[in-house]
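What follows is each chain in one-letter form.
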Amino acid sequence: MVDLDLVRAHPELFEAACKAKNIKLDVKAFLALDEKRRKAMAEVQTMQAERNAVSKKMPTLKDKAEKEKVVKEMKALGEKLKEQEAALAVLEADWMNLQLRLPGIPLPSVPKGKDDSENVEVRKHGKIPTFDFDPKDHVALGESLDIIDIPRGVKIAGARSYFLKGDGARLEFALLLFTLDHLKKKGFTAFIPPLLVNYEAMMGTSYFPGGEEMAYAVGVKKSRTQAIESDDVYLIGTSEVSVTSYHGGETLAITDLPKRYCGISNCFRREAGTYGKDTHGLYRIHQFQKVEQVILCENDPDVSANMHQEILKNAEEVLQALKLPYRVVDVCTGDMGQGQIYKNDIETWMPSRKCYGETHSCSTFHDFQSRRLNMKYVAKDGTKKFVHTLNNTCIASPRILIPILEMYQQKDGSVIIPEVLRPYMGGQEKIST
RNA sequence: GGAGAGGUGGCCGAGUGGUCGAUGGCGACAGUCUUGAAAACUGUUAACCCCGCAAGGGGUUCGUGGGUUCGAAUCCCACCCUCUCCGCCA
């Protein structure tokens, strides 16, 4: 959600943002509707004012004939009002639908571009490895070590499904726990959040409206064997949804800020519209586990910019501890989400793909989400302001298993366990057949 | 799943058809008193939206949505949520 006064005063900013982000939205049409809506509101409110004034007088009317006359008039007014209110409700619904699709305006520093091919590399870390043997990819490694079973995952759950098994399952939890401990040292509070959330949480974090087909809705209308009522809850695609919504509707004290939160959760993604894309292995799947950093801070661009760097650094430190080569990119306008105004991806080197693959995504929203979530704080001057929100992945598995397995594989087909993870695996040093 | 109770302002709680955005209390804020504080006393104290440069005016909101009515916190219907008891269960 955006500042409507700003839209009215400077529609061109939002038109430019729509164009840059490839959002099909007619800002002028929205403003025309906004005008129409306000006109209709004025009419309705005038009628309501009259009704209220007469109603207030009603008990004082003693004369029976006069009273009857007034009642008759009010009845007519009431009917007309009902019609106008219904018409206004239609306008409001259309208005809201457009209003929720207005984009956050990218910061001036964000590179212009149409899609991820135009993201701009900021820095690289680590050395791209060479192997003195014929390296396997993570699928082959997972299969030979019996730690990943994709065919059986597909058998029971369909495409993009998998089992992690044995040391594969343990390795994932080691990664998650290591990351949680890392963030604990950085002052983050961990959350195991609801995985099923209501529409408001999806809307508040700006996944809805627009991203409905990306989320699993729970309670199918009809199964093969029986009709089931929908529960109107949705499986989160990231704990950002639950954790950012945690203080929704609240007014925080400035001394409470910044909030450094992290959610650990399963994440569910329908991956609609990605048919045929990244079908191999564990890169793009329907379910995974993630530790996500979430920040709520003051409504100050400098403060949130610093927080952005802080959570970016936290994630980089995890990759450095795992000794994985990665690069950081500035995400271009065309590859940003509706609400994001600045975004970095971290891409980790994946030997089998012979390229860097996105493993982290660090986003600044300013007050875009907090306006939707109605999440404020009392500023130094005593006024209430919307907080700034940010979030970044800290680790997401099993996608991160791709570089780990592939980078740490040995000639004999075994995989060395990264040193920092060994304490979380009972001191185990390698996975072998 | 069965039975019952309930959802009112920052909090507690009154309010069963009209001068009710809502008595009272607590809290918070300001003032009087005090060397200072406490106590006491006095006053102020909701959010959102629309019009307006402003002063100000108007509207909406008593869980949510619908209905009855000239008029709804109050009556009717549906739904959501909370609590208590019983059953079932990780």
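Caption draft 1: Quick peek at the environment of Phe268. Locating Phe268 in the fold gives a position in strand β9 (residues 259-268). Distance from Phe268 to Gly204, taken between C-alpha atoms, is 18 Å for residues 64 residues apart in sequence. Residues in contact with Phe268, not counting those within four places in the same chain, are Leu195, Tyr216, Leu235, Ile236, Gly237, His286 and Gln287.

Caption draft 2: Focus on the domain arrangement of chain A. For chain A, the domain assignment lists domain 1 (4-99) and domain 2 (116-431). Domain 1 and domain 2 are separated by 43 Å when their C-alpha centres are compared. Listed per partner, the contact involves five residues of domain 1 and eight residues of domain 2. Buried surface at the junction of domain 1 and domain 2, summed over both partners, amounts to about 440 Å²; 47% is from carbon and sulfur atoms. Area buried by domain 1 at its contact with domain 2 is led by Ala20, Lys21 and Ile23, which between them contribute 77% of it. Our count for the contact surface shared by domain 1 and domain 2 stands at zero salt bridges. One can count five residue pairs in polar contact (both at pLDDT 80 or more) joining domain 1 with domain 2.

Caption draft 3: The environment of Tyr326, seen in detail. By the element assignment, Tyr326 lies in strand β11 (residues 326-330). Relative accessible area serves as the criterion here: at 1%, Tyr326 is assigned to the buried category. Tyr326 sits 201 residues away from His125 along the chain, and the two C-alpha atoms are 5.4 Å apart. For Tyr326, the residues in contact, after removing those within four places along its chain, are Arg123, Lys124, His125, Glu316, Leu319, Gln320, Ile346, Glu347, Thr348, Trp349 and Tyr356. Among the polar contacts listed, one links the side chain of Tyr326 to the side chain of Glu316, at a separation of 2.7 Å.

Caption draft 4: Here's a closer look at the protein's contact with RNA strand B. Around RNA strand B, the surrounding shell holds 17 residues, and the nearest of these are Arg38, Met41, Gln48, Arg51 and Met58. In RNA strand B, atoms within 4 Å of the protein come from the sugar-phosphate backbone in 73% of cases. Arg38 is positioned with one of its side-chain polar atoms (N or O) 2.8 Å from a phosphate oxygen of RNA strand B. Contact distances for RNA strand B include 3.5 Å between a phosphate oxygen and a side-chain N or O atom of Lys75. Partitioned by chemical class, the residues of the surface near RNA strand B number six nonpolar, five polar and six charged.

Caption draft 5: Representation of the state of the cysteines in the model. Throughout the structure, instances matching the rule amount to zero disulfides. Cysteine Cys18 shares no disulfide, and the gap to the nearest cysteine sulfur, in Cys332, comes to 16 Å. Judged by relative accessible area, which is 3%, Cys18 ranks as buried. Residue classification places Cys332 among the buried positions, given a relative accessible area of 0%.

Caption draft 6: Structural view of the packing of helix α2 (residues 11-21) against helix α3 (residues 27-57). Where α2 contacts α3, the two axes come as close as 9 Å, and the packing angle between them is 140 degrees. Our classification of the angle between α2 and α3 gives oblique. Counted together, Pro11, Phe14, Glu15 and Cys18 of α2 and Val27, Lys28 and Leu31 of α3 form the full contact between these two elements. Tallied by class, the residues present in the contact of α2 with α3 amount to five nonpolar, no polar and two charged.

Caption draft 7: Here's a closer look at the packing of helix α7 (residues 167-185) against helix α10 (residues 301-321). Packing of α7 against α10 leaves a shortest axis separation of 11 Å and a crossing angle of 130 degrees. Between α7 and α10, the crossing angle belongs to the class labelled oblique. Between α7 and α10 lies a crossing whose hand is right-handed. Residues Phe178, Thr179, His182 and Leu183 of α7 form the contact with α10, whose participating residues are Asn314, Glu317, Val318 and Ala321. Looking at the contact of α7 with α10 residue by residue, the class counts come to four nonpolar, three polar and one charged.

Caption draft 8: Geometry of α3. In this model, α3 (31 residues) spans 45 Å end to end at C-alpha, consistent with the 45 Å of a helix rising 1.5 Å per residue. Listed in full, the buried residues belonging to α3 are Val27, Phe30, Leu31, Leu33, Asp34, Arg37, Ala40, Val44, Met47 and Val54. Along its buried surface, α3 packs onto α1 (4-9), α2 and α4 (64-99).

Caption draft 9: Summary view of the sheet that holds strand β16 (residues 388-397). In spatial order, the strands read β1-β11-β12-β13-β16-β10-β9-β4; together these eight strands make up an open sheet with mixed pairing. Each edge of the open sheet is held by one strand with a lone partner, namely β1 (120-125) and β4 (189-191). Ignoring which end each strand starts from, the neighbouring axes of this sheet average 25 degrees apart. With five bridges connecting them, β1 and β11 associate as antiparallel partners. Bridge pairing in β11 places Glu121 opposite Val329. Contacts between α7 and the sheet are confined to β4, β9, β10 (287-297) and β16, with β10 contributing the most and set at about 10 degrees to the helix.

Conventions and cut-offs
Residues numbered from 1 in each chain as written. Chains lettered and ligands numbered in written order. Predicted model: local features only at pLDDT ≥ 70, side-chain atom pairs only at ≥ 80, totals over all residues. Heavy atoms only, no water. Helix = DSSP H or I, 4+ residues; strand = E, 2+ residues; numbered from the N terminus. Contact = heavy atoms within 4.5 Å. Domains from an automatic or database assignment. Buried area = accessible area lost by both parts, 1.4 Å probe. Salt bridge = Lys/Arg side-chain N within 4 Å of Asp/Glu carboxyl O. Polar contact = N/O pair within 3.5 Å; in protein donor to acceptor, adjacent residues only side chain to side chain. Buried < 20%, exposed > 50% of the residue type's maximum accessible area, 1.4 Å probe, protein only. Near = heavy atom within 4 Å. Nonpolar A, V, L, I, M, F, W, Y, C, P; charged D, E, K, R; others polar. Disulfide = S-S within 2.5 Å. Axes fitted to C-alpha atoms, helices over the stretch in contact; angles between N-to-C directions. Parallel < 35°, antiparallel > 145°, perpendicular 65-115°, else oblique. Left-handed = near helix turned anticlockwise from the far one by under 90°. Expected span 1.5 Å × (residues − 1). Pairing = 2+ DSSP bridges.

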